[in-house]
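Topology and contacts: notes
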Amino acid sequence: ESRISAVLTFFRYQLSSKLFNHKLIINWVNNTKFIVSKGESGITGNLYCGLMEYVDMSFLIHYLDDTDVFYDIGANVGAYTILASGVKGAKSYPFEPVPDTYNKLIDQIKINHIDNLVIPRNNGLGNEIGTLRFTNNLNCQNKVIFDLEDSDSTLVDVLTLDSIDYPNDHSLVKIDVEGYEKFIIEGGKDFFSSSNVNALIIEINGSGKNYAIDDHDLHNSIVSYGFQPIAYDPFFRKIKIMDTFNESGNTIYVKDIGLTKKRVSTAPKIIIHTANGLII
């Protein structure tokens, strides 16, 4: 039934976007919403699937509470920020470098009335303060480039995690920057050494080779701060320690396994309206 519903949703949205070419407002998780427009692959999957990155998003929902801070690095239009602040009531710091995408992020924040919880930054992050050039035309796969002559790109001010506020509250970090992840880890030595930074969701899928970064080197950098990679089962809320990172997609890392198990096992259930009212 859920598969049929997803197919019907796909055709309804495709027909609507082709005929009317307008934005749609979709009821999502609990009382949150998201705005979706034609071509926005960074959030459209949540319309079809409920939670586009089901395991990782479920982990965030089950793990966070309203006393926490969420760092959304490579936020795109803010799907994870909506979940962190709109569903869980956590404070969020989304970083989105591309101006057009950043403006869409602001719209998502406003429609969910979470302005009081979200502090958005139109910046990139890296291993040193300065500027970097980002593509404009790759949607959720915009990334750092070194071709200074690329006309379809934007020069962006870049910070480091160690240059922003120290994580004084319990924190979860999500990093999805199309292969540039290791530079962000390098710019956050004090940040990731903090005992308050207990959980990390990060993309490790071979795209680091574009910047001469090996996935195993990135993994070793992460575990040097005390993180362990885990597999998460959202339905049974079970955690299993893994030997290494997930080679396709995201990997979840945590420092305190016991605390993490306690948090995910006691979190209240939520309703995913785009998944036919699925409760997890």
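Residues numbered from 1 in each chain as written. Predicted model: local features only at pLDDT ≥ 70, side-chain atom pairs only at ≥ 80, totals over all residues. Heavy atoms only, no water.

**Here we look at the overall build of the protein**
Worth spelling out the cut-off: We count a stretch as a helix when DSSP gives it H or I for four or more residues in a row; a strand needs E for two or more, and each element gets its number in order from the N terminus. Based on C-alpha atoms, the radius of gyration is set beside the globule rule, defined as 2.2 Å times the residue count to the power 0.38. Each residue gets one of three labels from its accessible area relative to the maximum for its type: buried under 20%, exposed over 50%, partly exposed in between, using a 1.4 Å probe on protein chains only. Working definition of accessibility: Shrake-Rupley area with a 1.4 Å probe, residue cover restricted to the visible protein chains. Charge counting follows a simple rule: Lys and Arg are positive, Asp and Glu are negative, and His as well as the terminal groups are ignored. Think of each charge as sitting on NZ of Lys, CZ of Arg, CG of Asp or CD of Glu.
The helix and strand inventory of the protein stands at nine helices and 15 strands. Computed over its C-alpha atoms, the radius of gyration of the protein comes to 18 Å, within 12% of the 19 Å expected for a compact globule of 280 residues. Out of the 280 residues in the protein, the part that is buried amounts to 55%. Carbon and sulfur atoms make up 51% of the accessible area of the protein, which amounts to about 13,000 Å² in all. Counting 25 positive and 34 negative side-chain charges, the protein places the centres of these two groups 8 Å from one another.

**Quick notes on the pattern of salt bridges**
Rule in force here: Here, a salt bridge means any side-chain nitrogen of Lys or Arg that lies within 4 Å of a carboxyl oxygen of Asp or Glu.
The tally for this structure, following the rule as stated, stands at four salt bridges. Here Asp 65 ties to Arg 263 by a salt bridge, and the two come within 3.6 Å at their closest N and O atoms. Here Asp 65 is found in the loop between α3 (54–63) and β3 (69–73), whereas its partner Arg 263 is found in helix α9 (residues 257–266), with 198 residues between them in sequence. When its relative accessible area of 15% is taken as the criterion, Arg 263 is described as buried. Ionic pairing is found between Lys 182 and Glu 186, a salt bridge with its closest N-O pair at 2.9 Å. Here Lys 182 pairs with Glu 186, and both are found in helix α6 (residues 181–186), just four residues apart, close to one helical turn. Among the residues examined, Glu 186 registers a relative accessible area of 27% and is labelled partly exposed.

**Some remarks on the packing of aromatic side chains**
Where we set the bar: Two aromatic rings, drawn from Phe, Tyr or Trp (for Trp, its six-membered ring), form a pair once their centres lie within 6.5 Å of each other, and the interplanar angle then sorts them: stacked below 30 degrees, edge-to-face above 60, tilted otherwise. A ring is considered to have a charge above it if a Lys NZ or an Arg CZ atom is located within 6 Å of its centre and within 35 degrees of its normal.
Scanning all chains against the criterion turns up 13 aromatic pairs. Taking the centre distance of 4.3 Å and the plane angle of 25 degrees together, the rings of Tyr 180 and Phe 183 count as stacked. Given a relative accessible area of 16%, Phe 183 falls into the buried group. Measuring from centroid to centroid gives 6.4 Å for Phe 183 and Tyr 211, while their planes differ by 85 degrees, and the two rings are edge-to-face. Placement of the pair is Phe 183 in helix α6 and Tyr 211 in the loop between β10 (197–203) and α8 (215–223), with a sequence separation of 28 residues. The pair Phe 183 / Tyr 211 is uniform in exposure class, with both members buried. One aromatic cluster is present, formed by Tyr 71, Tyr 93, Phe 191, Phe 192, Tyr 225 and Phe 227 through successive ring pairs. A cation sits over an aromatic face here: Arg 263 above Tyr 63, 4.9 Å from the ring centre.

**What about the sheet that holds strand β5 (residues 124–125)?**
So the rule is basically this: Strand pairing is defined by DSSP finding a minimum of two bridges between the two strands.
If you walk across this open sheet you meet the four strands as β5-β8-β6-β7, and the pairing is mixed. Edge positions in the sheet fall to β5 and β7 (144–145), since each of these pairs with one other strand and no more. For β5 and strand β8 (residues 153–159), the ladder comprises two bridges, and the chain directions are parallel. The partner of Leu 125 across the bridge, within β8, is Leu 159.

**Section: unusual backbone geometry**
Glycine aside, the phi torsion of most residues is negative, and most peptide linkages are trans. Even without glycine at this site, Asn 30 takes up a positive phi of about 50 degrees. As for its placement among the helices and strands, Asn 30 is situated in the loop between β1 (24–27) and β2 (33–36). Although it is not a glycine, Glu 178 adopts a positive phi angle of roughly 55 degrees. The residue Glu 178 is located in the loop between β9 (171–175) and α6 in this model. The class of Glu 178 is buried, set by a relative accessible area of 12%.

**Observations concerning the side chain of Ser 58**
Defined as follows: Throughout, a contact is declared for two residues whenever any of their heavy atoms are within 4.5 Å.
Along the polypeptide, Ser 58 turns up in helix α3. The exposure class assigned to Ser 58 is buried, which follows from its relative accessible area of 0%. Apart from the residues within four sequence positions on either side, Ser 58 is in contact with Leu 51, Glu 53, Tyr 232, Pro 234 and Ile 280.

**Notes on the nonpolar core**
Note the following rule: Buried residues of nine kinds, namely Ala, Val, Leu, Ile, Met, Phe, Trp, Tyr and Cys, make up a nonpolar core once their side-chain atoms join them within 4.5 Å.
Core analysis: the largest hydrophobic core is formed by 38 residues, its most contacted members being Trp 28, Leu 51, Phe 59, Leu 60, Leu 83 and Leu 172. Sorting the residues of this core by element identifies β2, α2 (41–49), α3, α4 (79–87), β10, β11 (228–233), β13 (250–254) and α9 as the ones contributing at least two each. When residues in this core are grouped by element, the largest group, six residues, is from α4. Not counting residues within four places of it along the chain, the set of residues in contact with Leu 60 comprises Phe 70, Tyr 80, Leu 83, Ala 84 and Leu 172. The next biggest cluster of nonpolar side chains, apart from the first, holds 35 residues, and it includes Leu 125, Leu 218, Phe 227 and Tyr 253.

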